[in-house]
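Below are the chains, spelled out letter by letter.
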Amino acid sequence: MNNDPLIIAGREFRSRLWVGTGKYKDLIETQKAIEASGADVVTVAVRRVNITDKNKENLLDYIDPKKYTILPNTAGCYSVEDAVRYSRLARAAGVSDLIKLEVLGDERTLFPDTAGLIEAAKILIAEGFIVLPYTNDDPIVAKKLVDIGCPAVMPLAAPIGSGLGIRNPYNLKIIMETVNVPVVVDAGVGTASDAALAMEYGADAVLMNTAIAGAKDPIMMATAMRYAVDSGRLAYRAGRIPRKLYATASSPIEGML
Amino acid sequence: MRITLNGESKEVAPDLSVGSLLQQLELQPDRVAVEINLSILDRSKFTTWTLQEGDRIEIISFIGGGSPRHPVHCE
């Protein structure tokens, strides 16, 4: 897969599987699962430090920022103001201008508030951020995000943590045909076949958290996802055969008795 | 003097620098971001910046995420 790098905003990524770091049992399991996934982009959340528990271990002691691209997110932000504030804090705490921008619209679905998303993206892009927006599977919104300067779009496959798989493959395909930047399918993947399908449809990468962290064996699932994303990508590049209603024999008729 | 640190009232020595506060809390300066009264303090100013009575300070770092089950709101 080495001759097929993913390039976003001039940065080259070796893996097309991106992973979140939430919901794991502990930091050791987080570290092992991420290693097994082969991912080089790792999303993290921005939160108040625990000032009462001084011995609380730091995530970055387990996920080496020299080895991984740390992609902070604005998870949990329901307003433009919060998302911009968290983004600025993330940049101050981190080492890069990358932000996975989430402006959520509703606690039950965690669907993006796409109007707020576009507004927040404009503010952050003007401040020099590289904004990777978590968006709905809406091609028009995706195009608007690209038009204002997002170097990639990250449409959902299904609600965050739902494991429902790709609910609207046709919209995702339209997004891939509409925008001229990488499309990272983000959220909703349940198992390996969902990830493979996303890549077969032509996604440039897949981002997931719960599908791995919530599996009975997260490390084994991380490995499965790594193979799925690689397989899906290879199948996409190889070009699948067209679907036909009737059989076509694989063995020649000639030479039969 | 009293400051508000991560939403909780706290008594600290007058003229305490941000760097000293982080040291007291045993936090690595290169792992956190500090916001004072809604403005981010550049890391290069941690050692020289002194806190004032009534300052509202937020110290944040990266944790595992993922959207949380119970979303956290800024106040």
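Predicted model only: the values in this text are computed from it and were never measured. (Residues numbered from 1 in each chain as written. Chains lettered and ligands numbered in written order. Predicted model: local features only at pLDDT ≥ 70, side-chain atom pairs only at ≥ 80, totals over all residues. Heavy atoms only, no water.)

K.L.:
Would you mind showing me how to read the sheet that holds strand E6 (residues 98-101) of chain A here?
P.N.:
Within a sheet, adjacent strands bond to each other through the backbone by hydrogen bonds, running parallel or antiparallel. Residues and elements named next belong to chain A. Taken in spatial order, the 3 strands line up as E6-E7-E8 in an open sheet, and their pairing is parallel. Taken across any chain shown, the strands that pair with only one partner, and hence form the sheet edges, are E6 and strand E8 (154-155). Here E6 runs beside strand E7 (residues 130-135); their pairing, made up of 4 bridges, is parallel. Bridge pairing links Leu101 to Pro133 in E7. (Pairing = 2+ DSSP bridges. Helix = DSSP H or I, 4+ residues; strand = E, 2+ residues; numbered from the N terminus.)

K.L.:
Even after reading the chapter, I still don't get the packing of aromatic side chains, so can you show me in this structure?
P.N.:
What describes a pair of aromatic rings is the distance from one ring centre to the other and the angle between the planes of the rings. All names here are of chain A. In this structure the tally under the stated criterion is 1 aromatic pair over all chains. With centroids separated by 5.6 Å and ring planes inclined at 65°, the aromatic side chains of Phe13 and Trp18 adopt a geometry described as edge-to-face. Judged by relative accessible area, which is 1%, Trp18 ranks as buried. Cation over ring: Arg91 sits above Phe129, and NZ or CZ is 3.8 Å from the ring centre. (Phe/Tyr/Trp six-rings, centres within 6.5 Å; stacked < 30°, edge-to-face > 60°. Buried < 20%, exposed > 50% of the residue type's maximum accessible area, 1.4 Å probe, protein only. Lys NZ or Arg CZ within 6 Å of the ring centre and 35° of its normal.)

K.L.:
Looking at this model, I keep getting lost on the nonpolar core. Mind explaining?
P.N.:
The nonpolar side chains of a soluble globular protein tend to be buried, and buried together. Within the largest apolar cluster, 69 residues are counted, with the highest numbers of intra-cluster contacts made by A:Leu101, A:Met208, A:Ile212 and A:Met225. Ranked by size, the runner-up nonpolar core spans 20 residues in total, among them B:Met1, B:Leu21, B:Leu25 and B:Val34. (Core = buried A, V, L, I, M, F, W, Y, C linked by side-chain atoms within 4.5 Å.)

K.L.:
Could you clarify how one ought to interpret the interface of chain B and chain A in this entry?
P.N.:
Often, the extent of an interface is quoted as the loss of accessible area upon association of its parts. Listed as interface residues are 32 residues of chain B and, on the opposing side, 38 residues of chain A. In this assembly, chain B packs against chain A so that about 3,300 Å² is buried in total across both faces, 58% of it on carbon and sulfur atoms. Counting across the interface, chain B meets chain A through 3 salt bridges. The shortest N-O distance in the salt bridge between A:Arg85 and B:Glu35 comes to 2.6 Å. Summed over the shared surface of chain B and chain A, the number is 9 residue pairs in polar contact (both at pLDDT 80 or more). Elements with a minimum of two residues in the side of chain B that touches chain A: strand E3 (33-36) and strand E5 (56-64) of chain B. Per-element tally for the side of chain B that touches chain A: the top contributor is E5(B), with 7 residues. In the side of chain B that touches chain A, the residues fall into 15 nonpolar, 9 polar and 8 charged. (Contact = heavy atoms within 4.5 Å. Buried area = accessible area lost by both parts, 1.4 Å probe. Salt bridge = Lys/Arg side-chain N within 4 Å of Asp/Glu carboxyl O. Polar contact = N/O pair within 3.5 Å; in protein donor to acceptor, adjacent residues only side chain to side chain. Nonpolar A, V, L, I, M, F, W, Y, C, P; charged D, E, K, R; others polar.)

Purely spatial values, then, with no claim about function.
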